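So you can see what is in the structure, the chains are spelled out below.
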Amino acid sequence: MNQLAKILTTTMALLICLSHPGQAQWSKEKRDSLNKLSRQDHQLMMKKLGITELRPGPSGDPDAPNAANSDESKAKTYDRLPDPLTFDDGTPVATPAEWQKRRQEIIEHFNSEVYGRVPENTPSVTWEVKNQKDTVNGGHPVTIKDLVGHVDNSSYPEISVDIEMTLATPANINKPVPVIVEFGWNFPGNWSRRKPKEPTWKQQLLEKGWGYAILVPTSYQADHGAGLREGII
């Protein structure tokens with residue numbers, strides 16, 4: 001997955017990167033330098049992987065040979081979902097002890113096919129509260145904390161990683177609560193042109209006694225090909 005992410009970064013990541021408001025103030029020289037470094041990294045990775053060309057993705061042109069399918073009747077349908085109480089070999093689960101074994105099978109499927117695996121040597125993260133305030137969101141009292149997660153870089157001191165995240169939890173609840181994490185950016189000011197419909201997804205969570213967090217992905221991995229040698233991929 002890391003190798004695939006590196007290959008796909010040049011086109012998609014640069015488009016996202018150059019769309020950020022703050023980058024409109026970058027000089028032409030800086031943008032050109034990043035584009036050049038991104039192309040170099042892209043070519044180097046393709047060479048290491050032995051890839052000479054990339055297959056084009058689906059086209060939005062319905063008349064193109066590689067047109068994207070928009071006909072639902074051509075999509076594969078699933079008329080039966082796997083039975084959670086049946087082992088992979090077809091044996092039914094009959095006892096609580098057998099369910100524990102079946103549960104491990106299901107967890108393994110999620111690890112291998114959905115979530116991925118956490119490396120055994122994953123470094124620890126020490127979270128620091130940089131700022132905290134009590135406010136109200138949609139009539140719900142909320143405590144908002146600006147956090148920085150300092151990743152333990154003792155195994156590779158040449159690179160420092162500080163993860164930026166904003167955490168919001170109900171101010172009137174003094175116990176652990178579920179939190180929904182969104183990948184996002186802390187843009188300066190309110191640059192959105194559209195007023196969000198009420199209630200927002202954040203307010204819906206607060207109404208249920210849940211919290212939310214905004215995790216800035218570019219704080220641990222640069223959003224351009226030139227930064228693939230730093231941070232966490």
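Residues numbered from 1 in each chain as written. Predicted model: local features only at pLDDT ≥ 70, side-chain atom pairs only at ≥ 80, totals over all residues. Heavy atoms only, no water.

Student: How should I be thinking about the nonpolar core in this particular structure?
Tutor: In globular proteins that are soluble, nonpolar side chains generally tend to be buried together. By size, the foremost hydrophobic cluster in this structure holds eight residues: L147, V151, V161, I163, M165, A213, L215 and Y220. Broken down by secondary-structure element, the contributors of at least two residues to this core are β2 (140-151), β3 (162-170) and β5 (211-216). Excluding residues within four positions of it along the chain, A213 makes contact with M165, T166, L167, V179, I180, V181 and E182. In this structure, V142, I144, L206 and Y212 belong to the second largest nonpolar core, which totals six residues. (Core = buried A, V, L, I, M, F, W, Y, C linked by side-chain atoms within 4.5 Å. Buried < 20%, exposed > 50% of the residue type's maximum accessible area, 1.4 Å probe, protein only. Helix = DSSP H or I, 4+ residues; strand = E, 2+ residues; numbered from the N terminus. Contact = heavy atoms within 4.5 Å.)

Student: Please clarify how the confidence of the model for the protein chain should be interpreted in this entry.
Tutor: Low-pLDDT portions of the prediction should not be read for the details of their coordinates. For the protein chain, per-residue confidence averages 83 on the pLDDT scale, and residues scoring 70 or more make up 84% of the total. Low pLDDT, under 50, characterises residues 1-24; the stretch is placed with 36 contacts to residues that sit more than four places away or in other chains. (pLDDT = per-residue confidence, 0-100.)

Student: Sorry, what's going on with the sheet that holds β5 here?
Tutor: Strand pairing in a sheet takes place through backbone hydrogen bonds and is either antiparallel or parallel in direction. Read across the open sheet, the five strands follow the order β1-β2-β3-β5-β4; overall the sheet is mixed. Each edge of the open sheet is held by one strand with a lone partner, namely β1 (125-137) and β4 (179-183). Across this sheet, the average inter-strand angle for adjacent strands is 20 degrees, counted without regard to direction. Pairing between β2 and β3: nine bridges, direction antiparallel. In the strand pairing of β3, D146 is matched with T166. (Pairing = 2+ DSSP bridges. Axes fitted to C-alpha atoms, helices over the stretch in contact; angles between N-to-C directions.)

Student: Would you take a moment to explain a nonpolar patch on the surface for this structure?
Tutor: A contiguous nonpolar surface patch, about 350 Å² in accessible area, is contributed by F110, V114 and Y115. The residue Y115 is located in helix α3 (residues 96-115) in this model. For Y115, a relative accessible area of 63% gives the class exposed. (Patch = residues over 30% accessible without salt bridge, like charges linked within 9 Å, V, L, I, M, F, W, Y side chains within 5 Å. Areas by Shrake-Rupley, 256 points an atom, 1.4 Å probe, with all protein chains shown as cover. Salt bridge = Lys/Arg side-chain N within 4 Å of Asp/Glu carboxyl O.)

Student: What exactly am I supposed to notice about the environment of G139 here?
Tutor: Its place among the elements puts G139 in the loop between β1 and β2. Measuring from C-alpha to C-alpha, the distance between G139 and L206 comes to 9.5 Å, with 67 residues separating the pair along the chain.

Student: How should I be thinking about the pairing of β2 in this particular structure?
Tutor: When a strand is regular, its side chains alternate between the sheet's two faces. Pairing analysis gives 12 bridges linking β1 to β2, with the strands arranged antiparallel. Its bridge partner lying in β2, W127 is registered against G149. Following β1, the chain reverses through two residues before pairing antiparallel with β2; G138 in that reversal takes a positive phi of roughly 60 degrees.

Student: Help me out: how do you make sense of the pairing of β5 in this one?
Tutor: Burial within β5 is extensive, with six of its six residues counted as buried. Of the two faces of β5, the one carrying G211, A213 and L215 and the one carrying Y212, I214 and V216 are both buried. Relative to β5, β3 runs antiparallel, the two sharing five bridges. Residue pairing across strands places T166 opposite I214, the latter belonging to β5. Relative to β5, β4 runs parallel, the two being bridged by five bridges. Bridge pairing in β5 places F183 opposite L215.

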